[in-house]
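Observations on the model geometry
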Amino acid sequence: GDLDKVVNLLLSLSGRLARVENVLSSLGDNASSEERSSLNEKRKLLAGQHEDARELKENLDRRERVVLEILGNYLSEEQLQDYQHFVKMKSALLIEQRELDDKIKLGQEQLKCLMESL
């Protein structure tokens, strides 16, 4: 459960940070200093939160190694490898699911815009 939450948190913060950085980089010279300052503050806040989330992931990785060591005393080598594969695949599938959800959301937004333009 913690793995799901931390991976989703990292993905969410990464996406939000990327969006803010994209907006900042696309601001023209006519953008107000207030707007630029607000976006820089938001970027700093998100970067700090992202770093905190990375620390959570590192703590989770350490806990995983401890659990793996304990399980090594009770499971066969094959079962232990299955467990490791499961944990790795779970993270990968969570990332893939998030990407697919984002693509679906984008497609729905594009469809809505197309329908409105007709």
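Residues numbered from 1 in each chain as written. Predicted model: local features only at pLDDT ≥ 70, side-chain atom pairs only at ≥ 80, totals over all residues. Heavy atoms only, no water.

**Notes on the nonpolar core**
Counting 16 residues, the largest nonpolar core has Leu3, Val20, Leu24, Leu27, Leu39 and Leu46 as the members making the most contacts within it. Breaking this core down by element, the ones donating at least two residues are helix 1 (2-26), helix 2 (33-72) and helix 3 (77-117). In terms of residue count, the dominant contributor to this core is helix 1 (8 residues). Leaving out residues up to four positions away in the same chain, leucine 39 has contacts with Val20, Val23, Leu24 and Leu27. (Core = buried A, V, L, I, M, F, W, Y, C linked by side-chain atoms within 4.5 Å. Buried < 20%, exposed > 50% of the residue type's maximum accessible area, 1.4 Å probe, protein only. Helix = DSSP H or I, 4+ residues; strand = E, 2+ residues; numbered from the N terminus. Contact = heavy atoms within 4.5 Å.)

**Topic: the packing of helix 1 against helix 2**
Two numbers describe how helix 1 lies on helix 2: the axes approach to 9 Å, and their chain directions differ by 155 degrees. Our classification of the angle between helix 1 and helix 2 gives roughly antiparallel. As helix 1 runs across helix 2, the sense of the crossing is left-handed. Residue composition of the contact of helix 1 with helix 2, grouped by class: 15 nonpolar, 4 polar and 9 charged. (Axes fitted to C-alpha atoms, helices over the stretch in contact; angles between N-to-C directions. Parallel < 35°, antiparallel > 145°, perpendicular 65-115°, else oblique. Left-handed = near helix turned anticlockwise from the far one by under 90°. Nonpolar A, V, L, I, M, F, W, Y, C, P; charged D, E, K, R; others polar.)

**Notes on the pattern of salt bridges**
For side chains of opposite charge, pairing can occur when their charged atoms come near one another. On inspection of all chains with the given rule, the structure shows 5 salt bridges. Between lysine 44 and glutamate 41 there is a salt bridge, and its shortest N-O distance comes to 3.6 Å. Of this pair, lysine 44 and glutamate 41 both sit in helix 2, 3 residues apart, which is roughly one turn of the helix. Look at lysine 44 and you get exposed, because its relative accessible area is 52%. (Salt bridge = Lys/Arg side-chain N within 4 Å of Asp/Glu carboxyl O.)

**Some details on the side chain of serine 91**
Along the chain, serine 91 turns up in helix 3. When residues no more than four places from it in sequence are discounted, the contact partners of serine 91 are Leu3 and Val7.

**Examining a nonpolar patch on the surface**
Together, Val66, Ile70 and Tyr74 give the surface a local cluster of nonpolar side chains, amounting to about 350 Å² of exposed area. Positionally, tyrosine 74 belongs in the loop between helix 2 and helix 3. (Patch = residues over 30% accessible without salt bridge, like charges linked within 9 Å, V, L, I, M, F, W, Y side chains within 5 Å. Areas by Shrake-Rupley, 256 points an atom, 1.4 Å probe, with all protein chains shown as cover.)

**Section: the UniProt feature "domain: ASD2" (unreviewed entry) in the protein chain**
Per the UniProt record, "domain: ASD2" (unreviewed entry) is found at residues 1-118. Taken end to end, residues 1-118 is 90% helix and 0% strand, and its first and last C-alpha atoms sit 44 Å apart. (UniProt positions renumbered as here; feature names shortened; annotations may be inferred.)

**Observations concerning a positive patch on the surface**
Among the surface-exposed residues, Arg16, Arg19, Lys42 and Lys105 lie close enough to one another that they form a single positively charged patch. Take arginine 16: its relative accessible area is 36%, and that puts it in the partly exposed class. (Lys, Arg positive; Asp, Glu negative; His and termini not counted. Charge placed at Lys NZ, Arg CZ, Asp CG, Glu CD.)

**Notes on the packing of helix 2 against helix 3**
Packing of helix 2 against helix 3 brings their axes to within 10 Å, and their N-to-C directions diverge by 160 degrees. If you check the angle between helix 2 and helix 3, you find them roughly antiparallel. When you trace helix 2 past helix 3, the crossing you get is right-handed. Contacts between helix 2 and helix 3 pair Glu64, Val67, Leu68, Leu71 and Gly72 from the former with Leu80, Tyr83, Gln84 and Val87 from the latter. In terms of residue class, the contact of helix 2 with helix 3 is made up of 6 nonpolar, 2 polar and 1 charged.

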